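# Fold and contact review
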Amino acid sequence: MKFSDIQKNIIDLVKRSEKILILPSTPVDGDAIGSSLATYLVLKKLKKSVTVVCAEDIPDVLEFLPETQVIGDKLVSSKDFIVTIDTRKIKVDEIKSNIEENKVNIIITPKEGRFTEKDITFNEGMDEYDLIITVDTAELPQLRKIYEDNPQMFHEIPVINIDHHVSNEHYGKINYVDIMSASTTELLLPLFEKMEEKFEIELVDEDVATLLLAGIITDTGSFQNSNTTPKAFAHAAQLIAYGARQQEIIQHIYKTKQLSQLKLWGRVLSKIQTDEKYKIVWSSVSQEDFRDTQSREEETGDIIDELMTNAPGAEVILLLKERADNTISGSVRTTNPAADASAIAEMFGGGGHGQAAGFRIVDGNFRQHEAEIIDKIRQYQSERLGVVEEPQEQEETKKETPIIDVQKLLNQVKEAEKAQEAMPSKEDVEKFKPIPPKHRESKGTTAGTTPGVTYKFED
Ligand SMILES: [Mn+2]
């Protein structure tokens, strides 16, 4: 079916639906969040009742995106009665409840100011969703507990599946899947434009454009990854013309590295292993590393991409992460299109794109799995490279230029750490956090005020 027909079918189905549930995939990234919140805003403009639920927390680095506060972490049951407090203006300090003889009091203490009736709305539970939209989700188990706890829901309610992963399983009633698209948000732009025509209403405002651009920027590694197509650039340009706040995205996602993240990066570098023969570079992060560096699991997000840019001689780059829930997740990148990251991830039950993929191994011994995984990747590479058996001499010369210069990178990290430790305390840094543009004027702060935690890795 042509994409224009699929878009038309989506618009028809959206038109007929009233209560729409949007589900981003896990692990949560800029594309999953960007596409779910952009869809949320657009459907709100179409006067739909919209809910976004995600099984995992939103990484701190993405919190700056518009509307992240609407993302819930649980589906509510149809029996539940929900009291919703609008906390955009007034923040909640504490919620208490007490049960008296014939009544229940819910006591909401604000941090400052006062809540009024206008800040409170009442809702009933979930049973009446009439449409589910999944974004950036190759297969339903990626929705984790949302799917695990409610599998029947995905049979009863029509699903629109919007995605760009090669491994997409086409599980939707409508599957809007384009594997040539750099991000899911890139697919949404033409859809929203078509909706604008149909509904005769402006849908792509600055917030929507910012969310869509965030997906393109994060999924292409800021236009550095191999999935950066001419179309991705064209769509990005178009989004900036719509008012997408590109600098805000770059500032938050790429230019501000926390000290904890630098320390974590140091750990990953010190554990790097290389297999020159099969052109594999890998490293791992354990729960101990997270504890010792006081960093969180989500902070490994761009480490794999850093590894990739710094190991140009490697063909397969792997980062294994031991998660708190006793699962192991692996991120795979390949620098050579002939080495298929998605095929490698599939060997371990995962999937993804040709040059960027991931997998998750439920429960197990970290060390033992690491050895097995590397073995399998060696096998994959040996079958691929097997034909070109290189003479011994050539191998000797190759060793002089290692595929990754770990020492050099470690020195860079040390310097960056030193620079950061000389910086003001965390509280001071907190005070100087960049202020969102709309508040800048009123607070009299100049746009250039960014925390001193700016560090960029240089080659
Ligand atoms: Mn994506």
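What counts and what doesn't
Residues numbered from 1 in each chain as written. Predicted model: local features only at pLDDT ≥ 70, side-chain atom pairs only at ≥ 80, totals over all residues. Pairing = 2+ DSSP bridges. Helix = DSSP H or I, 4+ residues; strand = E, 2+ residues; numbered from the N terminus. Contact = placed C-beta atoms within 7 Å. Axes fitted to C-alpha atoms, helices over the stretch in contact; angles between N-to-C directions. Core = buried A, V, L, I, M, F, W, Y, C linked by C-beta atoms within 7 Å. Buried ≥ 20, exposed ≤ 12 C-beta atoms within 10 Å, placed from the backbone. Parallel < 35°, antiparallel > 145°, perpendicular 65-115°, else oblique. Left-handed = near helix turned anticlockwise from the far one by under 90°. Nonpolar A, V, L, I, M, F, W, Y, C, P; charged D, E, K, R; others polar. pLDDT = per-residue confidence, 0-100.

Let's shift gears to the sheet that holds strand β9 (residues 159-163). Strand order across the open sheet formed by six strands is β3-β2-β1-β8-β9-β10, with parallel pairing between neighbours. Each edge of the sheet is formed by a strand with only one pairing partner; in this case those strands are β3 (71-72) and β10 (174-177). Bridge count for strand β1 (residues 19-24) against strand β2 (residues 49-53) is four bridges, and the pairing is parallel. When the sheet's bridge partners are listed, Ile22 is paired in β2 with Val52. Set on the sheet, helix α1 (residues 3-16) makes contact with β8 (131-135), β9 and β10; between it and β10 the angle comes to about 130°. Set on the sheet, helix α5 (residues 184-199) makes contact with β8, β9 and β10; between it and β9 the angle comes to about 115°.

Attention now goes to the nonpolar core. Among the nonpolar cores identified, the biggest contains 57 residues, and Ile22, Ile133, Leu188, Phe192, Val208, Leu212 and Leu213 are the most heavily contacted of them. No other element matches the eight residues that helix α6 (residues 206-219) contributes to this core. Sequence-distant contacts of Val208, that is, excluding residues within four places in its chain, are made with Ala38, Leu41, Val42 and Leu203. Counting residues in each nonpolar core, the second largest holds 39 residues, with Val268, Ile280, Val281 and Trp282 among its members.

Time to look at the sheet that holds strand β16 (residues 356-361). Judged by pairing direction, the sheet is mixed, and its six strands sit side by side in the order β11-β12-β13-β14-β16-β15 without closing on themselves. Among the strands making up the open sheet, the edge pair consists of β11 (273-275) and β15 (351-352). Pairing of β11 with strand β12 (residues 280-285) involves three bridges; the strand directions are antiparallel. Each residue of the ladder has a partner; that of Asp275, found in β12, is Ile280.

Before going further, it helps to examine the pairing of β8. With five of five residues buried, β8 lies mostly within the body of the structure. Side-chain alternation along β8 places Leu131, Ile133 and Val135 on one buried face and Ile132 and Thr134 on a second face that is also buried. Strand direction decides the pairing type here: β1 and β8, joined by five bridges, are parallel. Paired with Ile20 across the strands is Leu131, a residue of β8.

Contact geometry for α6 and helix α7 (residues 230-241): axes closest at 9 Å, N-to-C directions at 155°. Of the possible angle classes, the one that applies to α6 and α7 is roughly antiparallel. The two elements α6 and α7 meet at a crossing, and its hand is left-handed. In this structure, α6 contributes Ala209, Leu212, Leu213 and Ile216 to the contact, and α7 contributes Ala232, His235, Ala236, Leu239 and Ile240. Of the residues that constitute the contact of α6 with α7, the class distribution is eight nonpolar, one polar and no charged.

Quick look at the environment of Gln261 now. With respect to the helices and strands, the residue Gln261 is situated in helix α9 (residues 259-270). Once the C-alpha coordinates of Gln261 and Glu298 are considered, the two residues, 37 residues apart in sequence, prove to be 9.9 Å apart. Those residues in contact with Gln261 that lie beyond four places of it in its chain are Ser295 and Glu299.

Our focus in this paragraph is the confidence of the model for the protein chain. For any part of a model where pLDDT is low, the fine detail of the predicted coordinates should not be relied upon. Confidence along the protein chain averages 84 in pLDDT terms, with 85% of residues attaining 70 or more. Across residues 393-399 the pLDDT falls below 50, and counting only partners more than four positions away or on other chains, this stretch makes three contacts in the model. Segment residues 424-459 is flagged for pLDDT under 50; beyond a separation of four residues in sequence, or across chains, it makes 30 contacts in the model.

Further remarks concern the environment of Glu56. In this structure, Glu56 sits in the loop between β2 and β3. The partly exposed category is assigned to Glu56, around which 17 C-beta atoms lie within 10 Å. Along the primary structure Glu56 and Val28 are separated by 28 residues, whereas in three dimensions their C-alpha atoms are 6.8 Å apart. In contact with Glu56, other than residues within four places in its own chain, are Thr26, Pro27 and Val28.

A few words on the environment of Asn123. Mapping Asn123 onto the fold places it in strand β7 (residues 120-124). Taking the C-alpha atoms as reference, Asn123 lies 6.1 Å from Phe81; in sequence the two are 42 residues apart. Excluding anything up to four places from it in sequence, Asn123 contacts Ile82 and Thr84.

Turning to unusual backbone geometry, a few remarks are in order. With omega at -5°, the peptide bond leading from Thr26 into Pro27 counts as cis. Within the fold, Pro27 resides in the loop between β1 and α2 (30-45). Phi angles above zero are rare outside glycine, and Lys47 is one such case at about 65°. Relative to the assigned elements, Lys47 resides in the loop between α2 and β2. For Lys47, a count of 10 C-beta atoms within 10 Å translates into the label exposed.

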